[in-house]
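# A structural walkthrough
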Amino acid sequence: MQTASITPPPDIFSYRPYWAHCFGPAPVLPMSRDEMDLLGWDSCDVILVTGDAYVDHPSFGMAIIGRLLEAQGFRVGIISQPDWNQLDDFMQLGAPNLFFGVTAGNMDSMVNRYTADRKIRSDDAYSPNGVGGKRPDRSVLVYSHRCRQAYKEVPIVLGGIEASLRRIAHYDYWSDKVRRSILLDAHADILLYGNAERALVALAHRLAQGETIDSIRDLRGTAFICSDAQLPTDWTEIDSSHLDRVGPLNPPENPYAMAPESPMPSNDGSTEGGQTLNLIPPKVARADRQRSFIRLPSYEQVSREQILYAHTSRILHLESNPHNARALVQPHGEQLLWVNPPPIPLRTEEMDSVYELPYTRQPHPRYEGQPIPAYEMIRFSITIMRGCFGGCSFCSITEHEGRIIQNRSEDSIIREIEQIRDTVPQFTGIISDLGGPTANMYRLHCKSPDIEAHCRRLSCVYPSICKNLNTDHAPLIRLYRRARELKGVKKILVASGLRYDLAIESPEYVKELVTHHVGGYLKIAPEHTENAPLSKMMKPGIGTYDRFKALFEKYSKAAGKEQYLIPYFIAAHPGTTDEDMLNLALWLKRNDFRADQVQAFLPSPMALATTMYHTEFNPLKAVRRDGEHVHSAKGIRARRLHKAFLRYHDPNNWPLLRDALKRMGRADLIGNGKQHLIPLYQPKGTGGVNRSAAAPVAAKSNAPRKGNFATQHTRAEAAGGNTQKTRSKTGGDKKATASWTKGSPAGRGKRR
């Protein structure tokens, strides 16, 4: 196998500015013709259409994209939450000179609007006053169609989490069917996936220089439509059927496990039937990966054959390392979808420049002080890194941002804290979060660039932490100490999800965190107690949680603080049986835990766990008809039962649990003793409506019981307002966030 060195891409700030840079940065990007007139603009070069309210803050994707293009010299306008029932809002800024950039916003529009049980939500955290209904279902499709109707000849560029996770044929949970690539249904010209800065800047400059959008085919992190006649004739075409034995997503520690003749290990390290890589045709094994493309099963095939869908998902995830990924081609009828390899991660200097653009860090003035809940949550938070190498099968962060961590410099982060302190209204001296997709992956990386360039592991920490991973938390500790010493800063909180299996590798970090940066509660996500579902989630066993809990309690006691862990568990995840949920409920009862919030698995597009849910095959291993099959709880009753086990203490769940325990032969757990899970009696007025799936239930007392799951909904007042906000990813039933660039609340929504 050849992996020719990849030429380092140019710095995204090294391009010659477009002529319109003479206008300088706008106080705020315009959302109306009147604002354009005040800036002296006769037109916009780029217009960004988004389903979110426009907040000029680097946690919002449109702010990053808009300010980045502005820094390149382009005039950028924003169309925020347009009325999609007519064209007026799409024409209010006129036709852009270069392109429309279309996104659903920081969240997938379907996750934003529907719960995991497909019930309509009444609110929208990204809208003024939290009002729901401000964006259509499948916003990218609707917005793209309206842009095309308004200005037929203007190129349309798709981006953001909704487009990124639908770039190939994908299972759609809400319609319960496989849908085509969103690029075809949107009738757009090109799709940018993942962290899009590199592709977006290059695309804008090349269009400005006169290239046509249908001639730009070489940008990493992009997808476009072509035909068989347009395929490169000097590249090696690889039939994906030759790759179904390339090994598991988590190969052994040997980074060169793909060398010819090496055995094919399964997830547990055993070989599968003695198969070896010499089954791959020699032409494929020797092909230059930068000049090869893999032909995936077609949309029509993956729609009909679930095993081919699972196989396609496996190949897609194996081709995720930007240093060795190959281009992918998937037929859709007579058309071909071409997906270029993922973008090269940003360097630290580029990350610094992106986050130090002239953001106002406030909502657009047109909102006149109306609260935007997502902004209120993150207005004093700071993104210190991007990416995640955790590889949780239900999570979209790794798929969107990649597993290589992109870091900001310590100096840049400190400057941003000082800017917040000196310029942001109502700053009280508390930084609500220093984090990103995870709290503690800052500056963690592979020890060897050569190993990293060859590696095809999806997770660096499952089934165990890779021996080639640098887990030194010293840089993060130094950052914490320097940040809290700043004048005018009273408290630095860490609200991002913590990867606790990494944290226990550095007791000094746990001590630093617990002593200085926990506001009474720390969220943590063991997700389950049973090995069967955990193996499908690619999460560590519950013993790792126990070791972290011991350190947390030890250092909290040493600091003289009464602090609590907020553990999250997920219901109805693929691979979870009723017995698994029962065992989890018994564990919760033994530990005196009573969950105020429960999360049900939500099959987000492109996730490996979604593949398990849809196909019942396990793409973590070679996909075969006689291979491992994965059970999933489907149907409202089955999913409700799994959630009911998490809230075993809620009387409204007791009738459902009684029936289930009798069916499972565990009627011995029904009774009025401490050893029983649920009582015999049913309190009057309960049991008629299951509320656990809909909303948290407030505790009767503000004082946290031992072991309770404390949340901001139930104990904020008791904590004196210091409770950290909980934010979740698309694997759970709480709203998730993500953006074109992923410098958003999405990252900090990652539960660990």
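Right above here is the structure, for reference.
Basis of the calculations
- The written sequence of each chain sets the order in which its residues are numbered from 1.
- Since the coordinates come from a predicted model, pLDDT governs what is reported: local features require at least 70, and pairs of side-chain atoms require 80 or more to be given and counted, while whole-chain, interface and lining totals use all residues.
- Hydrogen atoms and water are omitted, and side-chain values are computed over all heavy atoms in the structure.
- Secondary structure elements follow DSSP: runs of H or I no shorter than four residues count as helices, runs of E no shorter than two count as strands, and numbering proceeds from the N terminus.
- Only protein chains enter the area calculation, which uses a 1.4 Å probe; residues under 20% of their type maximum are buried, those over 50% are exposed, and those in between are partly exposed.
- Any two residues whose heavy atoms approach within 4.5 Å are treated as being in contact.
- The method behind every accessible area is Shrake-Rupley, applied with a 1.4 Å probe, and residues are considered shielded solely by the protein chains displayed.
- For two strands to be treated as a pair, DSSP must find no fewer than two bridges joining them.
- Lines are fitted to the C-alpha atoms to define the axes, a helix being fitted only along its stretch in contact, and any angle between axes, read from their N-to-C directions, falls within 0 to 180 degrees.
- If an angle is under 35 degrees, it is roughly parallel; if it is over 145, roughly antiparallel; if it lies from 65 to 115, roughly perpendicular; otherwise it is oblique.
- Classes in brief: Ala, Val, Leu, Ile, Met, Phe, Trp, Tyr, Cys and Pro nonpolar; Asp, Glu, Lys and Arg charged; the others, Gly included, polar.
- The salt bridge definition used is simple: a Lys or Arg side-chain nitrogen within 4 Å of an Asp or Glu carboxyl oxygen.
- Nonpolar core, defined: a set of buried Ala, Val, Leu, Ile, Met, Phe, Trp, Tyr and Cys residues in which side-chain atoms within 4.5 Å join the residues together.
- Multiplying 1.5 Å by the residue count of a helix minus one yields the expected span of that helix.

Now for the overall build of the protein. Tallying secondary structure elements over the protein gives 26 helices and 27 strands in all. Counting over 752 residues, the protein shows a buried share of 64%. Taking the contacts inside the protein whose residues are at least 6 apart along the sequence as the reference set, 77% of them involve residues at least 24 apart. Total accessible area computed for the protein in this model is approximately 26,800 Å², and 50% of it derives from carbon and sulfur atoms.

Strand order in the open sheet formed by 10 strands is β3-β1-β4-β5-β8-β9-β15-β14-β13-β10, with mixed pairing between adjacent strands. This sheet does not close on itself; its edge strands, each paired only once, are β3 (76-80) and β10 (236-239). Sheet twist, expressed as the mean angle between neighbouring strand axes with direction ignored, is 25°. Across four bridges, the pairing between β10 and strand β13 (residues 292-295) is parallel. Within β13, the position partnered with Asp-239 by the bridge is Arg-295. Along the sheet, helix α2 (residues 61-71) makes contact with β1 (46-50), β3 and β4 (99-102), crossing β1 at roughly 175°.

In this section: the packing of helix α10 (residues 306-318) against helix α22 (residues 608-615). At a minimum axis distance of 9 Å, the contact between α10 and α22 shows a crossing angle of 170°. With respect to α22, the element α10 is oriented roughly antiparallel. Of α22, the residues touching α10 (which contributes Gln-306, Tyr-309, Ala-310, Ser-313 and His-317) are Leu-608, Thr-611, His-614 and Thr-615. Class assignment for the residues of the contact of α10 with α22 results in three nonpolar, six polar and no charged.

Attention shifts here to the side chain of Ser-32. Secondary-structure assignment places Ser-32 in the segment before α1 (33-39). Those residues in contact with Ser-32 that sit more than four places away from it in its chain are Leu-93 and Arg-366.

This part is about the pairing of strand β15 (residues 335-339). Extensive coverage of β15 is indicated by the burial of four of its five residues. Sheet analysis places strand β9 (residues 222-226) next to β15, joined by four bridges and oriented antiparallel. For Phe-224, the partnering residue across the bridge sits in β15 and is Trp-338. By the bridge criterion, five bridges tie strand β14 (residues 327-332) to β15 in an arrangement that is antiparallel. In the strand pairing of β15, Val-329 is matched with Trp-338. Counted between consecutive antiparallel strands, the loop separating β14 from β15 contains two residues, among which Gly-333 sits at a positive phi close to 65°.

Following the criterion strictly, the structure yields 45 salt bridges and no others. Its salt-bridge partner being Arg-482, residue Glu-410 comes within 2.9 Å of it at the nearest N-O pair. With a gap of 72 residues between them, Glu-410 in helix α14 (residues 410-423) and Arg-482 in helix α16 (residues 474-484) connect regions that are remote in the sequence. Connected through shared salt-bridge partners, Asp-108, Arg-138, Arg-166 and Asp-172 make up one network.

The N-to-C vectors of helix α23 (residues 636-646) and helix α24 (residues 654-663) enclose an angle of 100°; their axes lie 10 Å apart at closest approach. In terms of their interaxial angle, α23 and α24 are classed as roughly perpendicular. Residue-level contacts link Arg-637, Arg-640, Leu-641, Ala-644 and Phe-645 of α23 to Leu-656, Leu-657, Asp-659, Ala-660, Leu-661 and Arg-663 of α24. Class assignment of the residues belonging to the contact of α23 with α24 gives a composition of seven nonpolar, no polar and four charged.

Let us look at the nonpolar core. Counting residues in each nonpolar core, the largest one holds 152 residues, and the members touching the most others are Ile-417, Leu-434, Phe-548, Phe-645 and Leu-677. In this structure Leu-677 touches Leu-582, Ala-585, Leu-586, Lys-589, Phe-645, Tyr-648, Leu-661 and Leu-669, once residues within four positions along its chain are discounted. Among the nonpolar cores identified, the runner-up in size contains 42 residues, and Val-102, Ala-186, Ile-238 and Ile-315 belong to it.

Another point: helix α4 (residues 139-150). The end-to-end C-alpha separation of α4 is 16 Å, in line with the 16 Å expected for 12 residues at 1.5 Å each. All of the buried residues in α4 are Ser-139, Val-140, Leu-141, Tyr-143, Ser-144, Cys-147 and Ala-150.

Our focus in this paragraph is the sheet that holds strand β26 (residues 564-571). As summarised here, the arrangement of the three strands in space is β25-β26-β27, forming an open sheet in which the pairing is parallel. Every interior strand has two partners, whereas the edge strands, β25 (521-527) and β27 (599-600), have only one. When β26 meets β27, the two strands line up parallel, connected through two bridges. Residue Ala-571 lies in a different strand from β27, and its bridge partner there is Ala-600.

In this section: the pairing of β3. Of all the five residues making up β3, five are buried; the element is thus mostly covered by neighbouring parts of the structure. By the alternation rule, side chains of β3 split into Val-76, Ile-78 and Ser-80 and Gly-77 and Ile-79, which are all buried. Where β1 and β3 come together, five bridges link them in parallel fashion. Note on β3: the bridge partner recorded for Leu-48 is Ile-78.

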